[in-house]
Amino acid sequence: MQRHYAGTLRKEHVGQTIVLAGWVQKQRDFGELIFVDLRDRTGICQVVADQKLTSDAAVIAAAKELRSEFVVRIEGEVVNRLDERRNAKMATGDVEVVASKIEILNRAETPPFAIDDDTDAAEDLRLKYRYLDLRRPALTANLMLRHKVTFAVRDYMNRHGFLEIETPVLTKSTPEGARDYLVPSRVHPGNFYALPQSPQIFKQLLMVSGLERYFQIARCFRDEDLRRDRQPEFTQVDVEASFIDEEFIYSLIEGLFKEIFPLANIGADPPFPRMKWREAMDRYGIDRPDTRFAMELVDISGPAKSLAFEAFRAAETVRAIVIPGGAALSRKRIDEIVDEAKKLGASGLVWIKFDAQKGSSIKKFLDDAGFDALRSATHASENDLALIVAGKTTTVWDVLGQLRIRIAREQKMIPDNAWHFLWVTDFPLFEWDEESKRYFARHHPFTSPAVADLDKLESDPGSTLARAYDVVLNGLELGGGSIRINRPEVQSRMFRALGITDEEAQSRFGFLIDAFRYGAPPHGGIALGVDRIVMLMARAESLRDVIAFPKTASAQDLMSEAPSTVDEKQLKELGIALR
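All of the points below concern the structure found in this document.

A few words now on the sheet that holds strand S5 (residues 95–106). Pairing is mixed in the closed barrel, where five strands are placed in the order S1-S2-S3-S5-S4. Sheet twist, expressed as the mean angle between neighbouring strand axes with direction ignored, is 55 degrees. Here strand S1 (residues 17–29) pairs with strand S4 (residues 71–80) via seven bridges, running antiparallel. Along S4, the bridge assignment pairs Val-19 with Glu-75. Against the sheet, helix H1 (residues 57–65) touches S1, strand S2 (33–40), strand S3 (43–50) and S5, its axis set at about 75 degrees to S5.

Structure, rendered in C-alpha cells:
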C-alpha cells in the first residue's frame, strides 16, 4: 500500500485506507481511546486507536506504548473528525486516521528539548542536537522552501540559456580581501590550496572559453568575523554572461526574483528602483539602504557651521537624522544613544528637542535664530528630536546610518510585510585604507572602471567609478556584481593602481591575464546569496535558521565538534608542525 504524507490529508481522503510513517509528536491516553499526533516533514495529523473500533489488542497495546519521537508506521482509515475534535489551527484538522495496525519501527529516548516551534531551549543546545532541531516544523519548512528556491533558480536559468557548470573547490590562494581557508597539500609539501571565496576567476575563464552563459549554485568560503547574516561557508547563485551590459543583469535578476519570491508570498515587481551609491550614502549613510521608512540623513553643514560651536566649525561635514516625536524620549535614553554613537566611532553626538522647552546638549550655543535655522534645515516638526554628528564624512555616514536602523527598530517605524527591492549602482572602484596607505578594490580587482573614468585609473583612482551594482532588499544586500575588465592592458593598469607589481600580478593571476590575450569577450555577472535570500523569504531571524548544519558565531559546529585537533600522524604526512 502506498504511503501518504501526514500533512497532506484532507477531506477528500475520507474513506481511504492509507499508510503513514513518521515520528510521534504527542500521545494522549484516555484508557479505551488513545490519540497520537504523527509528524513527518509535511506536517502533523491525528491518529486514533479506539478499542470500540478494533478487535486487535496489539493495536491498542502499541498505541499505549508510544512516546514522543518514537518512529512508527501506521495503517488505518481516514475519517471525518467529530465536531468536538476538529482543530482549525491544523491543516489536517478536519480529519483523523483510525488505526488498524501500528508498527513501532524504533523507540526513542526523551529528547533534550521539546520538538516544537515554541521550544525555549537555548540555541547552543539546539545546535548540538541539530538533527533533532531540524525536526521542528518551522525549520523543516525553511529547508523545504530553500529547495523550492534553488529548484526554481535552476529552471529559470536553464530557460534563459545558462549552463550549470561546476568550478574547482581546491583553488589558488589570492590574498586580496577576506581571509582564505587554506588546505595543505600532502603531495606538494609546503604548498597550499585555498577554498574559494567565490568562483570569480573560473567563471571569467568560462567566458573566455566561449560558453557565454554560466551559472552555478556554488559553495564558497571566507575566514572572517561572523554576524547574524554571515557564515564561514555559504551558498551563492553565481552568474556570468558574455556580450552583455548592466541592463541585461538588471532584467535577468528582476525576472528571477519575480519567480522565486512569490514562493513565500512576497511580490517582486520589476523594474526595481535604482539609486547611485553616493545618493544612498548621503540619504541613508549606508550602501544597502532600507527604504521602507524615512528618517533620512540631512546635511546641515551650512547653518551648523555658522554657530559658535567649534566641533561643528572644524568638521568636514555636519549631518542629522530626525526622530518623529522623539522629544518624548527620556534623557536616560538619549544619553544611551550618545554612548552608542561614540562606540560606533563618533567623537560625540549633539541632540536637540524641538519642543516648548527647546532642550539641547548645546543649548548655550543656540539662540532663537540658531535654533530656528537648525529646525528649518532638518525639516523637523513640533516634538521631534534631532541627532547630529559632525566629523569626517565617512564616519558621519556610518554612525548615523547605523543609528537610523537601530532607532527605527526600537520605535517600531519599519512596516511589517513591506518588501522594498533596490539596485545600488555607480560604486567607487577603489576604497582607501588609512592603515596601509593604499587603495583596495571595493568589489574585486576584475571590476571594470566606468567607461568615462578609464583615464583616471592612475591619475585619480579615488574618484573613479565602477561598473558595479548591488541588489538590496529591506536593507540587506542580496547580491552584487559588475561588468568585468576583458582587455589585458586595462587589467594590468588596474593591478598597478592597486599597488600590485607586474611580477606579483603574473604570480597570482597570470593564467587569467594570459587568457585575456586570446580574445576575452565583454562579460559581466552577479552573485546572489542563497542563504540570505531564503532567510528573508522565511521571515527568519538568522541565517542559521535556513541552513541545515550551520556554524555558531565563533565558526564552530557544536554537533560534530568541528574544528577539532588531528593526530600527529596526519600532521606529519602534511609536513606541518604546531607552535
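In a packed pair of helices, the relevant descriptors are the angle between the two axes and the axis-to-axis distance. Contact geometry for helix H14 (residues 488–497) and helix H15 (residues 502–516): axes closest at 11 Å, N-to-C directions at 155 degrees. Judged by the angle between their axes, H14 and H15 are roughly antiparallel. Seen from above, H14 lies across H15 with right-handed handedness. Across the interface between the two elements, Pro-488, Gln-491, Phe-495 and Arg-496 of H14 pack against Asp-502, Ala-505, Phe-509, Ile-513 and Phe-516 of H15. In the contact of H14 with H15, the residues fall into six nonpolar, one polar and two charged.

The next point concerns the nonpolar core. In this structure, Ile-321, Leu-349, Leu-387, Leu-403, Ile-407 and Met-494 are the most contacted members of the largest nonpolar core, which totals 59 residues. Per element, the largest residue contribution to this core is eight residues, and it comes from helix H12 (residues 393–410). Those residues in contact with Leu-403 that sit more than four places away from it in its chain are Ile-321, Ile-337, Glu-340, Ala-341, Leu-344 and Leu-349. One finds Val-149, Phe-261, Ala-264 and Ala-268 within the second-largest nonpolar core, a separate group that totals 45 residues.

So, on to helix H7 (residues 277–284). Looking at H7, one finds that the buried residues are Trp-277, Ala-280, Met-281 and Tyr-284. For H7, the buried positions fall inside an angular range of 100 degrees around the axis, keeping them on one side. Those residues of H7 hidden inside the fold are in contact with strand S11 (274–276), H12 and strand S16 (421–425). Taken from the residues just after H7, Gly-285 is the one with a positive phi, measuring 75 degrees.

The next thing to look at is the sheet that holds strand S12 (residues 298–299). What the four strands build is an open sheet, ordered S12-S13-S15-S14; its pairing is antiparallel. Each edge of the open sheet carries a strand with a single partner, namely S12 and strand S14 (350–354). The strands touched by helix H11 (residues 368–378) are S12, strand S13 (317–323) and S14; relative to S14, the strand with the most contacts, the crossing angle is about 90 degrees.

The next thing to look at is unusual backbone geometry. The omega angle of the peptide bond from Pro-270 to Pro-271 is -5 degrees, so this bond is cis rather than trans. Its place among the elements puts Pro-271 in the loop between helix H6 (246–260) and S11. A cis amide bond links Ala-562 to the next residue, Pro-563, at an omega of 0 degrees. Counting through the fold element by element, Pro-563 comes out in the loop between helix H16 (530–537) and helix H17 (568–574). With a phi close to 75 degrees, Asn-383 is a non-glycine residue in the positive phi region. Although it is not a glycine, Glu-561 sits at a positive phi angle of roughly 60 degrees.

Inspection of every chain in the model, using the stated rule, returns 48 salt bridges. Members of the salt-bridge network, linked through shared partners, are Lys-332, Arg-333, Glu-336, Glu-340, Arg-406 and Glu-410.

This part takes up the packing of helix H10 (residues 331–343) against H12. The geometry of H10 relative to H12 is characterised by a closest axis approach of 10 Å and an angle of 145 degrees between their N-to-C directions. Remark: the crossing between H10 and H12 carries right-handed chirality. Facing Arg-333, Ile-337, Glu-340 and Ala-341 of H10, the residues of H12 in contact are Val-399, Leu-403, Arg-406, Ile-407 and Glu-410. A class-by-class count of the residues in the contact of H10 with H12 yields five nonpolar, no polar and four charged.

We now examine the side chain of Gln-491. Note on placement: Gln-491 falls in helix H14. Residue Gln-491 is classed as buried on the basis of its relative accessible area of 0%. Those residues in contact with Gln-491, other than ones at most four positions away along the chain, are Pro-445, Phe-446, Ile-485 and Phe-516.

Here His-523 lies in strand S21 (residues 523–529). Here Pro-521 takes part through its backbone oxygen, which lies 2.7 Å from a polar atom of the side chain of His-523. Those residues within four positions of His-523 in sequence are excluded, and the remaining contacts are Gln-204, Met-207, Glu-240, Ala-241, Ser-242, Ile-483, Arg-484, Ile-485 and Asn-486.

Mapped onto the elements, Leu-578 comes out in the segment after H17. Considering only alpha carbons, one finds Leu-578 and Cys-220, 358 residues apart in sequence, at a separation of 27 Å.

Calculation rules
- Residues numbered from 1 in each chain as written.
- Predicted model: local features only at pLDDT ≥ 70, side-chain atom pairs only at ≥ 80, totals over all residues.
- Heavy atoms only, no water.
- Pairing = 2+ DSSP bridges.
- Helix = DSSP H or I, 4+ residues; strand = E, 2+ residues; numbered from the N terminus.
- Axes fitted to C-alpha atoms, helices over the stretch in contact; angles between N-to-C directions.
- Contact = heavy atoms within 4.5 Å.
- Parallel < 35°, antiparallel > 145°, perpendicular 65-115°, else oblique.
- Left-handed = near helix turned anticlockwise from the far one by under 90°.
- Nonpolar A, V, L, I, M, F, W, Y, C, P; charged D, E, K, R; others polar.
- Core = buried A, V, L, I, M, F, W, Y, C linked by side-chain atoms within 4.5 Å.
- Buried < 20%, exposed > 50% of the residue type's maximum accessible area, 1.4 Å probe, protein only.
- Arc of directions from axis to C-beta.
- Salt bridge = Lys/Arg side-chain N within 4 Å of Asp/Glu carboxyl O.
- Polar contact = N/O pair within 3.5 Å; in protein donor to acceptor, adjacent residues only side chain to side chain.

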